Amino acid sequence: STTARAIKEMRKIDPTFDLYELEEDAKGIFEAAYTTYLQGNIELLEKMCGEMALGYFKVLLRKMEAEKCEPKYKYLWQIDPAFFSTALIPEKRLPVFVFTIKTQEIYCNISKIDKRIVDGDDERLMNWEYQFAITPHSNPDLENVGHAWEIIELQPRQVLKMLV
């Protein structure tokens, strides 16, 4: 299977590689990147994400910059464990591991100028489901990022507004 080949390729790089450990770590990898996005730290995001995932976050940050707003809440309300979906071995690249994860956040953007709510609400709880792909980072910043993985793809799969 593709997953077995991806694991075999990873073990050539890291003989101790364990997919179950990566599945456990994937939650923290995602949460750190998403929290960094909520905090608006593009420099650190560039060390954590690449390709389409970095583009996804940059589009959201540019939109907020244009609207002169920022998230009021700089953290996820809740985050479930990540679940392994599949693995890929793109041509001439390191293996890619794909996960799904569910989160909840209070969606409330405030003006950077006067801190009034411009989008959302203090009680707008949103359920999100994301699919994200990670691959070994070609130049990891272990000191600032804390792991050697790069999120290369991130797609919202489902969003639900909760009635609170």
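Residues numbered from 1 in each chain as written. Predicted model: local features only at pLDDT ≥ 70, side-chain atom pairs only at ≥ 80, totals over all residues. Heavy atoms only, no water.

*Asks:* Account for helix α2 (residues 19–38), with residues named and values stated.
*Replies:* The end-to-end C-alpha distance of α2 is 28 Å, a good match for the 28 Å that 20 residues give at a rise of 1.5 Å each. Helix geometry: α2 is bent most strongly at D25, by close to 35 degrees. Residues of α2 that are buried include every one of L19, L22, A26, I29, F30, A33, Y34, T35, T36, Y37 and L38, and no others. The N-terminus of α2 is capped by D18, whose side-chain oxygen sits 2.7 Å from the backbone nitrogen of Y20. G40 sits one or two positions beyond α2 and adopts a positive phi of about 75 degrees. (Helix = DSSP H or I, 4+ residues; strand = E, 2+ residues; numbered from the N terminus. Expected span 1.5 Å × (residues − 1). Bend = angle between axes of the 7 residues up to and from the residue. Buried < 20%, exposed > 50% of the residue type's maximum accessible area, 1.4 Å probe, protein only. Polar contact = N/O pair within 3.5 Å; in protein donor to acceptor, adjacent residues only side chain to side chain.)

*Asks:* Let's hear about the environment of M64: which residues, and what values?
*Replies:* Looking at the secondary structure, you find M64 in helix α4 (residues 51–66). For the pair M64 and K112, spaced 48 residues apart in the sequence, the C-alpha separation amounts to 9.6 Å. Every residue in contact with M64, bar those within four places of it in the chain, is listed here: Y37, C69, E70, P71 and N109. (Contact = heavy atoms within 4.5 Å.)

*Asks:* Can you explain the pattern of salt bridges? Please cite residues and give values.
*Replies:* As enumerated under the stated definition, the model contains 11 salt bridges in all. Among the ionic pairs, E129 bridges to K102, the shortest N-O distance being 3.9 Å. Of this pair, E129 sits in strand β5 (residues 117–136) while K102 sits in strand β4 (residues 96–111), placing them 27 residues apart in sequence. Exposure remark for K102: the relative accessible area of 45% places this residue in the partly exposed category. Salt bridges sharing common partners tie together E70, K74 and K115. (Salt bridge = Lys/Arg side-chain N within 4 Å of Asp/Glu carboxyl O.)

*Asks:* Can you explain the nonpolar core? Please cite residues and give values.
*Replies:* Core analysis: the largest hydrophobic core is formed by 40 residues, its most contacted members being L22, F30, C49, F57, F97, F132 and I134. Looking at this core, the elements that each hand over two or more residues are α1 (2–13), α2, α3 (42–48), α4, β4, β5 and β6 (149–162). Per element, the largest residue contribution to this core is 9 residues, and it comes from α2. Beyond its immediate stretch of four places on either side in the chain, L22 contacts F17, I29, F97, F99, I134 and W149. By size, the runner-up hydrophobic cluster in this structure holds 5 residues, among which are Y73, C108, I110 and L125. (Core = buried A, V, L, I, M, F, W, Y, C linked by side-chain atoms within 4.5 Å.)

*Asks:* Account for the side chain of N109, with residues named and values stated.
*Replies:* With respect to the helices, strands and loops of the structure, N109 is situated in strand β4. Classification of N109 by relative accessible area gives buried; the value is 7%. Not counting residues up to four positions away in its chain, the partners in contact with N109 are M64, C69, E70, P71, K72, R116, I117, V118 and D119.

*Asks:* Summarise the packing of aromatic side chains; cite the residues concerned and give the values.
*Replies:* Counting across every chain of the model gives 15 aromatic pairs. Measuring from centroid to centroid gives 5.3 Å for F30 and Y130, while their planes differ by 45 degrees, and the two rings are tilted. Remark: Y130 occurs in strand β5 and F30 occurs in helix α2; sequence separation between them is 100 residues. Summarising the burial analysis for this pair, F30 and Y130 share the class buried. Taking the centre distance of 5.9 Å and the plane angle of 70 degrees together, the rings of F84 and F99 count as edge-to-face. Here F84 is found in strand β3 (residues 83–88), whereas its partner F99 is found in strand β4, with 15 residues between them in sequence. (Phe/Tyr/Trp six-rings, centres within 6.5 Å; stacked < 30°, edge-to-face > 60°.)

*Asks:* Before we move on, could you go through α4 and cite the residues and values that matter?
*Replies:* Between the first and last C-alpha of α4 there are 22 Å, a value that for 16 residues agrees with the 22 Å anticipated at 1.5 Å per step. Buried within α4 are the following residues: A53, L54, Y56, F57, L61 and M64. Buried residues along α4 cover an arc of 155 degrees about the axis, so they all sit on one side. In this structure, α4 carries M52, V59, R62 and A66 as exposed residues pointing more than 90 degrees from its buried face. (Arc of directions from axis to C-beta.)

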